[in-house]
Number of protein chains: 4
Amino acid sequence: MGEPICIKDFEEFAYKTLPRNALDYYRSGAGQQETLANNKRAYSNYRIRPRCLRNVAETDISVTVQGEHVSMPVGISPTAMQRMAHPDGECANAKAAQDMGTIFILSTISTSSIEEVAEAAPRGIKWFQLYIYRDREVTRQLVSRAEHAGFRALVLTVDAPFFGLRLADIRNKFVLPPHLKLANFQGTKSTDINKSKAGSSLNDYVNSLFDQTIEWKDIAWLKSITKLPIILKGILNFEDAIMAADAGVSGIIVSNHGGRQVDTWPASVSQLRHFQG
Amino acid sequence: MGEPICIKDFEEFAYKTLPRNALDYYRSGAGQQETLANNKRAYSNYRIRPRCLRNVAETDISVTVQGEHVSMPVGISPTAMQRMAHPDGECANAKAAQDMGTIFILSTISTSSIEEVAEAAPRGIKWFQLYIYRDREVTRQLVSRAEHAGFRALVLTVDAPFFGLRLADIRNKFVLPPHLKLANFQGTKSTDINKSKAGSSLNDYVNSLFDQTIEWKDIAWLKSITKLPIILKGILNFEDAIMAADAGVSGIIVSNHGGRQVDTWPASVSQLRHFQG
Amino acid sequence: MGEPICIKDFEEFAYKTLPRNALDYYRSGAGQQETLANNKRAYSNYRIRPRCLRNVAETDISVTVQGEHVSMPVGISPTAMQRMAHPDGECANAKAAQDMGTIFILSTISTSSIEEVAEAAPRGIKWFQLYIYRDREVTRQLVSRAEHAGFRALVLTVDAPFFGLRLADIRNKFVLPPHLKLANFQGTKSTDINKSKAGSSLNDYVNSLFDQTIEWKDIAWLKSITKLPIILKGILNFEDAIMAADAGVSGIIVSNHGGRQVDTWPASVSQLRHFQG
Amino acid sequence: MGEPICIKDFEEFAYKTLPRNALDYYRSGAGQQETLANNKRAYSNYRIRPRCLRNVAETDISVTVQGEHVSMPVGISPTAMQRMAHPDGECANAKAAQDMGTIFILSTISTSSIEEVAEAAPRGIKWFQLYIYRDREVTRQLVSRAEHAGFRALVLTVDAPFFGLRLADIRNKFVLPPHLKLANFQGTKSTDINKSKAGSSLNDYVNSLFDQTIEWKDIAWLKSITKLPIILKGILNFEDAIMAADAGVSGIIVSNHGGRQVDTWPASVSQLRHFQG
């Protein structure tokens, strides 16, 4: 294969290169993966509407997001455990986003720590993705570390009180490879995500440590412990969008978690039509 | 193959394990199997509509069906001759339903008898599926045995005065294997379903013994011989649903018989929209 | 392969058995065969709407067509040169239709003559399909022979002033095999359909002998030379259906000529919706 | 393979015969080629609506286009560098169009010059496709040469200020083969389209020489330097069609550039519905 020149080329390269355990974790949707397939297919329902005879010598696709000037309407969403793909993991992606002038969102369950990422991309626009643990002190410390490290927003994931059933992970009995750790929890018990379980160790981790009781009222608690703007990730309905506004958050990310949570959820992009003025 | 973790895995296991005669009987739809394919495909037209930030630490999907508390809105429909797949046949499925707290419906043309199933799952919610034989005495005795054995409802199949043309069964000249019997008819002539015919022995059996003259008025006769609630299985139109209510039955099962009766019937799940308030 | 038990089995048998020249003639649609494919696919848009609990011990699907009692709403449409498939050709099909109590329509360009077919199936309901030749005397004689042989209707094909471009026939340089003749034209020059041409000899035959000037007013001429009812085959629009009624014909056959004339014509069955009261 | 008898046959022949560099240039659409695929598929949404019993002995599909009598509603659109496919290149196609009585449009970036084509097809209806170079003198000379050579209209391409990303050309690092030149620019620097670049040399050529500032007001300039009618190629919206009329051009060509410019533009033929009275 020559140089990769489009996203499919990178995907094919990954299929040839990554170990099965990591590849399957990255590529899998929930269940029969219908939502994952629909996520891609849904874009084919949209057409770019071309106009002609405009001066296009100078073009500008930058946008303002949460008060930040961003070079393009594309950023890097939080995805977990990126060092399974490359030793530089989240640090490399944060640097790339910094170089491109766009946003990088770090996952709570990353393999590079909040501080490592901040050091790798000090001038980049960095947001921190948050899960709320049953032990609220864990979340409080994550928020505090993100604030101190210069992260500029918190992205609370609201669509994953439990993790989706991704069949390949269950078949592989997914574990985080032994040389990697959940970097934000070094030395704590949460690192038993490296130990083999009956199914996916990640699902086991999530189901045992995340707080499944979280409700709208808990947004107030999160607001009480931080000055950072809060963005909710995983909203798919306008009712929830209105509740989010009422709860005083700064933004939402319309997402079905990459088709990884519940199969037969609607395609993310198809839901945007419900949010138009 | 590893442990089965989804329904497709069980299906694939069956394809590798079962004898052709039995596998084809279980898997075949009528004709060119368009309705069978549509039965599955129709689910892709539905989307789960996710809401977020609800306390989901405790969840409950139990429902009340015919006055019974059932642990989930899924039960085991009547399918014939289950011992072709495993020596425990209907008894095993009845026990599984009992353990899961849901309903098991025993087929008239089962390979375990009414009494065997009752003994295997004494505490389970058991219903008995009924065909009406030309010899009404046969039906009367089946009803009486089901009542005595603790079955709690009768499920009259109304979409099968003749049996569908399932091409694989015709090609296989389907017979019930010699070591198995229609267990509810031990020692009667109805067991010649084991003898090879020009086509499927089951179709021959049905066409010669079932009563093709059954009409709405015959529901009254069935009511006159039992105290059990009567449920009609195989209704696909709201007109028939209204007639069922007028006939005084206790419920209906919207079904196209698994696509096994007439090809080009509509998908079962797609018909539910006609029954909404 | 075992006994054929459905239409697909017969089709597969034909694919294994027939010489390429004949098989391609029978199976081909015009152009890229989209209309041929749509003709089949269009049926999947229709659903049989099942009702239940009706006495079906006695069923009757007979209909009355042009005053004739026909055992089922299915007959045998005219197709040309049937002896390429079997030595008994049109005579066998006419006998089959007679035995089944339904209609057989003999093609003008058949390999069994009007008289042979009449002798083979004397009690059957036989109609004669007509093309109008430039030499009107040819048509006059065909009509006269059909009348004397006991055919009960004339089926004038109105969708084929030229014949469709069927690519396989052009590639094969289709000819009628030398041992066969257009049986209604024995000893006339029209039999040079056996001689190899640049493309399909049949298209050459049609284009050189059929009358491309035929218009609605020519129906009057046809009516003037026969007492038989006239049926127009190849109507696809309700405007043409109304003109047919105004022209005093006895019936129409809604057909796109099996997708063999012009690719991208609509599917025959889909057009029926335009003819409903 | 026998004689080619349909367009697909010619396409297959090209796939077997042409060098990869040339074949890929001719066949590729932009990006993932969805628009290219839709361009073809969109035709399947249209049906020919057949009428019958019309005198079709004499038929005429000629049309009048820009005051010219054209034998059929099909002409030859401008495509670049045709000598990659055959030594006679654009001259052969111009002769074919002349023989068929229809229009030939010569590309600016052709491998036969304006004058060669004029000499090859002196009586044919020839139009000249125009790109506007940053160096307006280049365009002025092209227009002047087309006028003197008897071309009867200018076709200004308005959908290609930049050229589309055609992945195969990028992978091939497309160059014009060394024995060929952009014939309208012999001896000028523009011929460095033969030199290998990081990606497609054509994109490099276009992006460095074409004027990306062109706007509607530049139509006035083009009108000021020619008496020939101006036709805009690449309009897909009725708003742009109205602006074209307001700008005083003589016609438009509704086109998405063969799906070669921006993937997810709508299919060309599907846009025609927006232009109906």
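Going by the structure above, here's the rest.
So, here is what we can say about the structure in this document.

Rules behind the numbers
- Residues numbered from 1 in each chain as written.
- Chains lettered and ligands numbered in written order.
- Predicted model: local features only at pLDDT ≥ 70, side-chain atom pairs only at ≥ 80, totals over all residues.
- Heavy atoms only, no water.
- Helix = DSSP H or I, 4+ residues; strand = E, 2+ residues; numbered from the N terminus.
- Rg over C-alpha atoms; globule rule 2.2 N^0.38 Å.
- Buried < 20%, exposed > 50% of the residue type's maximum accessible area, 1.4 Å probe, protein only.
- Contact = heavy atoms within 4.5 Å.
- Phe/Tyr/Trp six-rings, centres within 6.5 Å; stacked < 30°, edge-to-face > 60°.
- Buried area = accessible area lost by both parts, 1.4 Å probe.
- Salt bridge = Lys/Arg side-chain N within 4 Å of Asp/Glu carboxyl O.
- Polar contact = N/O pair within 3.5 Å; in protein donor to acceptor, adjacent residues only side chain to side chain.
- Nonpolar A, V, L, I, M, F, W, Y, C, P; charged D, E, K, R; others polar.
- Least-squares fit on C-alpha atoms with pLDDT ≥ 70 in both.
- Core = buried A, V, L, I, M, F, W, Y, C linked by side-chain atoms within 4.5 Å.
- Pairing = 2+ DSSP bridges.
- Axes fitted to C-alpha atoms, helices over the stretch in contact; angles between N-to-C directions.
- Right-handed = clockwise from strand over helix to strand, strands pointing away.
- Arc of directions from axis to C-beta.

**Here we look at the overall build of chain A**
Stage number 1. For chain A, the count of helices and strands is 11 helices and 7 strands.
Stage number 2. Computed over C-alpha atoms, the radius of gyration of chain A comes to 19 Å, within 12% of the 19 Å expected from 2.2 N^0.38 for 277 residues, which places it in the range of a compact globule.
Stage number 3. In terms of overall dimensions, chain A has C-alpha extents of about 60 × 50 × 40 Å along its principal axes.
Stage number 4. Taking all 277 residues of chain A together, 49% fall into the buried category.
Stage number 5. Sequence separation of 24 or more characterises 68% of the internal contacts of chain A that already satisfy a separation of 6 or more.

**Here's the deal with the packing of aromatic side chains**
Stage number 1. All told, the structure shown has 40 aromatic pairs over all chains when counted by the stated rule.
Stage number 2. Ring geometry for F128 of chain C versus F151 of chain C: centroids 6.1 Å apart, planes at 85°, classification edge-to-face. Linking F128 of chain C in strand β4 (residues 125–130) with F151 of chain C in the loop between α6 (136–148) and β5 (153–157), this pair joins segments that are 23 residues apart in sequence. Grouping residues by exposure puts F128 of chain C and F151 of chain C together as buried.
Stage number 3. By the ring-pair criterion, three or more aromatic residues cluster together here, those being Y131, Y133, F163, F185, Y205 and F210 of chain A.

**A few points about the interface of chain A and chain D**
Stage number 1. On the chain D side, the residues contacting the 18 residues of chain A number 27 residues.
Stage number 2. When chain A packs against chain D, the two sides together hide about 2,000 Å² of surface, and 56% of this comes from carbon and sulfur.
Stage number 3. Summed over the shared surface of chain A and chain D, the number is 4 salt bridges.
Stage number 4. Notably, a salt bridge pairs D240 of chain D with R54 of chain A, separated by 3.6 Å at the nearest N-O pair.
Stage number 5. Here chain A is connected to chain D by 11 residue pairs in polar contact (both at pLDDT 80 or more).
Stage number 6. Considering only residue class, the side of chain A that touches chain D consists of 9 nonpolar, 2 polar and 7 charged.

**Quick notes on the relation of the copies chain A and chain D**
Stage number 1. Under the fitted operation, chain A is carried onto chain D by 0.0 Å of movement along the axis and a turn of 90°, and the coordinates agree to an RMSD of 0.0 Å. This pairing of chains is accounted for by a four-fold axis. The position closest to the rotation axis in chain A is occupied by the C-alpha of N45 of chain A, lying 11 Å away.

**Some thoughts on the nonpolar core**
Stage number 1. In this structure, M81, L202, Y205 and L232 of chain B are the most contacted members of the largest nonpolar core, which totals 57 residues.
Stage number 2. When residues no more than four places from it in sequence are discounted, the contact partners of M81 of chain B are Y25, Y26, E90, I109, S110, T111, F174, L176, L182, I193 and L202 of chain B.

**Regarding the interface of chain B and chain A**
Stage number 1. The partner chain A presents 27 residues to the 18 residues of chain B that form the contact.
Stage number 2. With both sides pooled, the region where chain B packs onto chain A buries about 2,000 Å², and carbon together with sulfur makes up 56% of that total.
Stage number 3. For chain B, the biggest contributors to the area lost against chain A are I5, P50 and L53 of chain B; these three give 32% of the whole.
Stage number 4. Counting every contact that joins chain B to chain A gives 4 salt bridges.
Stage number 5. There are 10 residue pairs in polar contact (both at pLDDT 80 or more) connecting chain B and chain A.

**Here we look at the sheet that holds strand β5 (residues 153–157) of chain B**
Residues and elements named next belong to chain B.
Stage number 1. Across the sheet, 5 strands lie side by side as β3-β4-β5-β6-β7; this open sheet has parallel pairing. For this open sheet the edge positions go to β3 (103–106) and β7 (251–254), each flanked by a neighbour on one side alone. Averaged over all neighbouring strand pairs, the angle between strand axes comes to 30°, with direction disregarded.
Stage number 2. Here helix α6 (residues 136–148) sits on the sheet and contacts β4 (125–130) and β5; the angle it forms with β4, its principal contact strand, is near 180°.

**Brief notes about the sheet that holds strand β5 (residues 153–157) of chain D**
Strands pair in a sheet through their backbones, by hydrogen bonds, and they do so in one of two ways: parallel or antiparallel.
All names here are of chain D.
Stage number 1. Reading across the sheet, the 5 strands line up as β3-β4-β5-β6-β7 and stay open at both edges, with parallel pairing between neighbours. The outermost strands of the open sheet, each flanked by one partner alone, are β3 (103–106) and β7 (251–254). In this sheet, adjacent strand axes meet at a mean angle of 30° when their direction is disregarded.
Stage number 2. As paired strands, strand β4 (residues 125–130) and β5 are joined by 4 bridges and run parallel to one another. Paired with F128 across the strands is L154, a residue of β5.

**Focus on the side chain of T108 of chain B**
All names here are of chain B.
Stage number 1. Note that T108 resides in the loop between β3 and α5 (114–120).
Stage number 2. Note on T108: relative accessible area 0%, which makes it buried.
Stage number 3. Contacts of T108, omitting those with residues within four sequence positions, involve F128, Q129, L130, Y131, Y133, L142, N184 and F185.

**With respect to the arrangement of the chains**
Stage number 1. The two units chain A and chain C are non-contacting; their minimal C-alpha-C-alpha distance is 23 Å.
Stage number 2. Between chain B and chain D there is no contact, and the shortest C-alpha to C-alpha separation is 23 Å.

**Concerning unusual backbone geometry**
All names here are of chain C.
Stage number 1. Of note in this structure, L53 is not a glycine but carries a positive phi near 55°.
Stage number 2. Here the phi dihedral of Q66 falls at roughly 50°; this positive angle occurs in a residue that is not glycine.
Stage number 3. Structurally, the position occupied by Q66 is in the loop between β1 (63–65) and β2 (68–70).

**Digging into the pairing of strand β6 (residues 230–235) of chain C**
Stage number 1. Extensive coverage of β6 of chain C is indicated by the burial of 6 of its 6 residues.
Stage number 2. Handedness of the β-α-β unit built from β6 of chain C, helix α10 (residues 238–246) of chain C and strand β7 (residues 251–254) of chain C comes out right-handed.

**As for the environment of L130 of chain B**
All names here are of chain B.
Stage number 1. You can see L130 is positioned in strand β4.
Stage number 2. Exposure remark for L130: the relative accessible area of 0% places this residue in the buried category.
Stage number 3. Separated by 36 residues in sequence, L130 and R166 place their C-alpha atoms 21 Å apart.
Stage number 4. Apart from residues lying up to four places away in sequence, L130 is in contact with T108, T139, L142, V143, V155, L156, T157 and L222.

**Regarding the environment of D218 of chain C**
Residues and elements named next belong to chain C.
Stage number 1. Of note, D218 is situated in helix α9 (residues 218–224).
Stage number 2. According to the relative accessible area criterion, D218 is buried, its value standing at 10%.
Stage number 3. A C-alpha to C-alpha distance of 20 Å links D218 and R145, two positions 73 residues apart in sequence.
Stage number 4. Beyond its immediate stretch of four places on either side in the chain, D218 contacts R136 and T213.

**Description of the side chain of Q98 of chain C**
All names here are of chain C.
Stage number 1. For Q98, the position within the fold is in helix α4 (residues 89–100).
Stage number 2. Take Q98: its relative accessible area is 14%, and that puts it in the buried class.
Stage number 3. Apart from residues no more than four positions distant in its own chain, Q98 is found in contact with A121, P122, R123 and G124.

**What about the environment of N194 of chain C?**
Residues and elements named next belong to chain C.
Stage number 1. Positionally, N194 belongs in the loop between α7 (167–172) and α8 (201–209).
Stage number 2. Along the chain, N194 and A37 lie 157 residues apart, while their C-alpha atoms are 30 Å from each other.
Stage number 3. Residues in contact with N194, not counting those within four places in the same chain, are V175, L176, P177, P178, L180 and K181.
Stage number 4. Looking at N194, its side chain comes within polar contact range of the main-chain oxygen of L176, at 2.7 Å.
Stage number 5. Polar side-chain contacts of N194 include one of 3.0 Å to the backbone oxygen of P177.

**Quick word on the pattern of salt bridges**
Stage number 1. Applying the stated rule across the entire model yields 56 salt bridges over all chains.
Stage number 2. Among the salt bridges present, the one from K40 of chain B reaches E11 of chain B, with a minimum N-O distance of 3.8 Å. Linking K40 of chain B in helix α3 (residues 34–41) with E11 of chain B in helix α1 (residues 7–17), this pair joins segments that are 29 residues apart in sequence.
Stage number 3. For K40 of chain B, a relative accessible area of 55% gives the class exposed.
Stage number 4. In this structure, a network of salt bridges that share partners links the residues R20, D24 and R27 of chain A.

**Observations regarding helix α10 (residues 238–246) of chain D**
Residue and element names in this part refer to chain D.
Stage number 1. Burial in α10 covers these residues: D240, A241 and A244. Down the axis of α10, the buried set is contained in an arc of 105°. They therefore lie on one face. With respect to the buried face of α10, the exposed residues turned more than 90 degrees away are A245 and D246.
Stage number 2. In the core, the buried residues of α10 are packed alongside β6 (230–235) and β7.
Stage number 3. G248 sits one or two positions beyond α10 and adopts a positive phi of about 80°.

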